[in-house]
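# Fold and geometry: a report
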Amino acid sequence: MTFEIVGREGPRAGQRFLFGESPVTFGRHKKNSVVVASQLASRFHAEIVREGDDHVLRDRGSSNGTRVNGDEVHHRVLRPGDLMTIGDETFSWETAQVADTVADFPMTQMFVRPSVAKGPVLNVTVAGGGPVGLAFALLLEHLIGPQVAVTVHDGRWTREGSRVVWKDLKQGNVRRQQVVTVQSRQFLNLSEQIQERLFTPGSYTEMWPSGADSIRGYGPRNIRISHVEDVLLEMANESQRIRLVPGRFDAAQQQGALERSHVLAICDGSRSRTREHFADRFGRPDPSIYSLDGEQVEDIVLGLRVRSDLSDATTVLLTVAQNRFLLNSLRGEGFLNMRLTDEEAREVVGIDPVRQVFEQCIASRPCVMTRDGHGDFSCSTHSSLFLPALVKGSALWKRVREGLAFFGVAEENLSAVTAFRLSMVQQPRFSAQLRPATPSSPSTYGFLLGDAANAIHFWPGRGLNSGLASAISLARSLSSTWKGRPLRDADFTRHEAVMSMLQYRHKSRAWQAMVNTDQEGAAYTIKAGIARSMAAQDGDREADVKTLLERMGSIRSRLSARIAGMPDDADLRARLEGLDDTTLRSLVGGGQWDTLTVGGEEVDIDIFYQEEALSSSPAKEREAVGAAPARGNAP
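What this report covers is the structure whose coordinates are included nearby. All of these numbers come straight from a predicted model, not from anything done at the bench.

### Considering the overall build of the protein
A count of helical and extended segments in the protein gives 22 helices and 35 strands. Its C-alpha atoms give the protein a radius of gyration of 28 Å, within 12% of the compact-globule value 26 Å for 635 residues. For the protein, the spread of C-alpha atoms along the three principal axes comes to 95 × 60 × 45 Å. Here the protein holds 635 residues, and the buried ones make up 55% of them. When the accessible surface of the protein is split by element, carbon and sulfur atoms take 47% of a total near 27,100 Å². Where the 75 positive side-chain charges of the protein centre and where its 78 negative ones centre are 4 Å apart.

Pasting the structure below:
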């Protein structure tokens, strides 16, 4: 039987080397059989030798070790399909298809020079392995197959045997437990395999009615973000074309990787260091378009991890009827988001009980403070406690408790507290050539995806939906463009148009969720309206209850045909009667969700990629995604 070494990740991806009778050596020195470009490889790193009927991979005393299927080895008998990692490049040991591989070379030749098996390989580097980065990598593999090699970097990962996994809390990674709402316009454009793995029985619910983002009769789905991350990472672990690197991508230190890449997808979040490194290529974002009176509008939201006893129908009605609190959950468990006034935001601090100093970790990092055995909310990273919950009589904590009561949450069912800042900017461009082609390396194009491109308002899942749309667009663009020739600006006209449309639509909607207008048409922030209403001294409690009941009644009449089990006026009045006067005024003063703006025309990327959509194994019908169709409009 004849064997061959096949390049899987790195500059040798797609190249094949036939194994003869003599050893095959790997390393950076030019005298090696396979010259490895990685700076992590030693000059003479490893070799494959025949021992009897076996073929053995031996490490030659390398500095960084040799791995087979993720395990570090010194001496390993190879089996077909084994993946060998030398430095940061990967090769597989395969049974040779001699007729296809060696063609014009005699069988007695001990080593065959590399040849591309099925065409040029597109080398892609992804900075950031969250849901958007992983979905993009998996979509590329789905659409392009063996002609793509993807390397994904993320500092929140670690290696566990042959697998890459998420770090845990003790390793400094606070897993996100938020529930997000994924629209059918996005999840139906993922591969069938991704859909089947994500939407297993019990992993999601359909809490919200269908709307303008709902296609093919399927409504939005609530799913925990950590579940999405786990499933996509596991799928990437199973792939032979996706290489996972536990470590943050550093553009300044990894120029070698860029020189070998055709594409750099920047998916490392709204505070992306990679984007900042290439700011001269993408341009500086402009905050002025999202400003009032010359000051950029920013919301600060307190995230409360809770378990609610309310039905989904009641939760939807209460959420849409006001702008102070938003509960998104999965069978009652999720985050209750509380929009803060500027005065309340200044109270969101931690305190170190030992050093007796204030910590801004919860408001600026942000950290998650979980309830400890004493009932306090503590930050494991900074050893601080959430100050408002400690101070007897704290105004902010009283209002938190009011929100819990409004949404049917017992105080003991509040398990964690966090906070996050929300502000928007206008991004000038999303695609750019980062480096031109040279005689020895391809040109590299960079792309902003996910929150690195558009950070969206706090409606749970809005940022993920925008990010998935951007990943789907770029994957389709690359799959139709890649023919082995150098990439050009013109190849990404459709993708840049999609990104501009996503920015316009999602941010215009988000702006309406942050700003309101008075009777004279003057704009003001919703948080300012909440603050003014709470400060008013001449409130009329019964008038506030009546206003809220009328508001909820109008929403209920629109939703009752699509959501069963809506609460009646008696239930709603009883819930409102339990709130204090200040809370009632804040619910009235903040207004209700502008569902006219939330609904309406959406960004349909299929109009740009109709041929790709038809040829990319679109999702199966109902049995593939596991739910009965839902129809209707926005809440």
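### Concerning the sheet that holds strand E18 (residues 221–224)
The strand order across the open sheet built from three strands is E16-E18-E17, with neighbouring strands paired in antiparallel fashion. Lying at the two open borders of the sheet, with one neighbouring strand each, are strand E16 (179–182) and strand E17 (204–205). Pairing geometry for E17 and E18, over two bridges, is antiparallel. When the bridges of E18 are listed, Tyr 204 appears paired with Ile 223. Contacts from helix H5 (residues 225–238) reach E16 and E18 within the one sheet, and its direction differs from that of E18 by about 75 degrees.

### Some thoughts on the pairing of E18
Residues in a regular strand point their side chains to alternate faces of the sheet. Neither face of E18 is left uncovered, since the one carrying Arg 221 and Ile 223 and the one carrying Asn 222 and Arg 224 both have all their residues buried. Here four bridges tie E16 to E18, and the two strands are oriented antiparallel to one another. Counted as the bridge partner of Thr 181 is Asn 222 from E18.

### Details of helix H14 (residues 462–481)
Three- or four-residue spacings in an α-helix give side chains the same orientation, since the helix completes a turn every 3.6 residues. The first and last C-alpha atoms of H14 sit 29 Å apart over 20 residues, in line with the 28 Å expected at 1.5 Å per residue. In terms of burial, H14 is largely enclosed, as 18 of its 20 residues are buried.

### Structural notes on the packing of helix H9 (residues 312–320) against helix H17 (residues 541–559)
Close contact between H9 and H17 brings their axes to 10 Å; oriented N to C, the two are set at 130 degrees. Put simply, H9 runs oblique to H17. Classified by chirality, the crossing of H17 by H9 is right-handed. On H17, the residues that touch Val 316, Leu 317, Leu 318 and Val 320 of H9 are Met 552, Ile 555, Arg 556 and Leu 559. Looking at the contact of H9 with H17, its residues break down into seven nonpolar, no polar and one charged.

### A closer look at the packing of aromatic side chains
Here the structure, examined in full by the defined rule, presents 13 aromatic pairs. Both rings, one in Tyr 445 and one in Phe 492, keep their centres 5.5 Å apart while their planes meet at 45 degrees; by these two values the pair is tilted. Taken together, the residues Tyr 445 in strand E33 (residues 444–448) and Phe 492 in the loop between H14 and helix H15 (493–512) connect sequence positions 47 residues apart. When sorted by exposure, Tyr 445 lands in the same class as Phe 492, which is buried. When the centroid spacing of 4.7 Å and the interplanar angle of 70 degrees are considered together, the rings of Phe 447 and Phe 492 count as edge-to-face. Placement of Phe 447 in strand E33 and of Phe 492 in the loop between H14 and H15 is noted, with a sequence separation of 45 residues between them. The exposure class of Phe 492 is buried, given its relative accessible area of 2%. Aromatic ring contacts, followed pair by pair, group Phe 3, Phe 19 and Trp 93 into a single cluster.

### Quick notes on the environment of Ala 437
Of note, Ala 437 is situated in the loop between strand E32 (431–435) and E33. When the C-alpha atoms of Ala 437 and Pro 486 are compared, they prove to be 7.9 Å apart, with 49 residues separating the residues in sequence. Once residues lying within four places of it in the same chain are set aside, the contact partners of Ala 437 are Pro 442 and Ser 443.

### Looking at the state of the cysteines
Overall, the coordinates contain zero disulfides when judged by the stated rule. As a non-bridged cysteine, Cys 367 has Cys 379 as the owner of its nearest cysteine sulfur, 3.8 Å distant.

### Details of the pattern of salt bridges
Enumeration according to the criterion identifies 39 salt bridges in this entry. When the shortest N-O distance is used, the salt bridge between Asp 88 and Arg 243 registers 4.0 Å. Placement of the pair is Asp 88 in the loop between strand E10 (83–86) and strand E11 (89–95) and Arg 243 in strand E19 (residues 242–246), with a sequence separation of 155 residues. Neither Asp 88 nor Arg 243 differs from the other in exposure class; each is buried. The salt bridge partner of Arg 485 is Asp 491, with a shortest N-O separation of 3.1 Å. We classify Asp 491 as buried; its relative accessible area is 9%. Ionic contacts of the salt-bridge type, sharing partners, join the residues Arg 541, Glu 542, Arg 573, Glu 577 and Asp 581 into one network.

### Things to note about unusual backbone geometry
With a phi angle near 55 degrees, Asp 293 is a residue other than glycine that sits in the positive phi range. Topologically, Asp 293 is positioned in the loop between strand E21 (291–292) and strand E22 (295–296). Residue Asp 293 is classed as exposed on the basis of its relative accessible area of 83%. The backbone of Ser 383 sits at a positive phi, close to 55 degrees, despite the residue not being glycine.

### Thoughts on the pairing of strand E15 (residues 163–166)
Direction of pairing for strand E14 (residues 157–160) relative to E15: antiparallel, over a ladder of four bridges. Looking at E15, one finds that Arg 159 is bridged to Val 164. Taken together, E14 and the strand that follows it, E15, pair antiparallel across an intervening segment of two residues, in which Gly 161 is found at a positive phi of about 65 degrees.

### Quick look at the side chain of Ser 470
With respect to the helices, strands and loops of the structure, Ser 470 is situated in helix H14. For Ser 470, a relative accessible area of 1% translates into the label buried. For Ser 470, the side chain forms a polar contact with the main-chain nitrogen of Gly 450, separated by 3.4 Å. Engagement of the side chain of Ser 470 in a polar contact is seen with the backbone oxygen of Gly 467, the distance being 2.6 Å.

### Section: the side chain of Arg 435
Within the secondary structure layout, Arg 435 lies in strand E32. Buried and unpaired, Arg 435 has Glu 259 as its nearest opposite-charge partner, separated by 4.8 Å. Polar side-chain contacts of Arg 435 include one of 3.1 Å to the side chain of Ser 441.

### Regarding the sheet that holds strand E2 (residues 16–18)
As summarised here, the arrangement of the six strands in space is E2-E1-E11-E10-E7-E8, forming an open sheet in which the pairing is antiparallel. A strand with exactly one partner marks an edge of an open sheet, and here the two such strands are E2 and strand E8 (71–73). Each strand axis lies, on average, 30 degrees off the axis of its neighbour in the sheet, ignoring direction. Note: strand E7 (residues 66–68) against E10, three bridges, orientation antiparallel.

Procedures and definitions
Residues numbered from 1 in each chain as written. Predicted model: local features only at pLDDT ≥ 70, side-chain atom pairs only at ≥ 80, totals over all residues. Heavy atoms only, no water. Helix = DSSP H or I, 4+ residues; strand = E, 2+ residues; numbered from the N terminus. Rg over C-alpha atoms; globule rule 2.2 N^0.38 Å. Buried < 20%, exposed > 50% of the residue type's maximum accessible area, 1.4 Å probe, protein only. Areas by Shrake-Rupley, 256 points an atom, 1.4 Å probe, with all protein chains shown as cover. Lys, Arg positive; Asp, Glu negative; His and termini not counted. Charge placed at Lys NZ, Arg CZ, Asp CG, Glu CD. Pairing = 2+ DSSP bridges. Contact = heavy atoms within 4.5 Å. Axes fitted to C-alpha atoms, helices over the stretch in contact; angles between N-to-C directions. Expected span 1.5 Å × (residues − 1). Parallel < 35°, antiparallel > 145°, perpendicular 65-115°, else oblique. Left-handed = near helix turned anticlockwise from the far one by under 90°. Nonpolar A, V, L, I, M, F, W, Y, C, P; charged D, E, K, R; others polar. Phe/Tyr/Trp six-rings, centres within 6.5 Å; stacked < 30°, edge-to-face > 60°. Disulfide = S-S within 2.5 Å. Salt bridge = Lys/Arg side-chain N within 4 Å of Asp/Glu carboxyl O. Polar contact = N/O pair within 3.5 Å; in protein donor to acceptor, adjacent residues only side chain to side chain.

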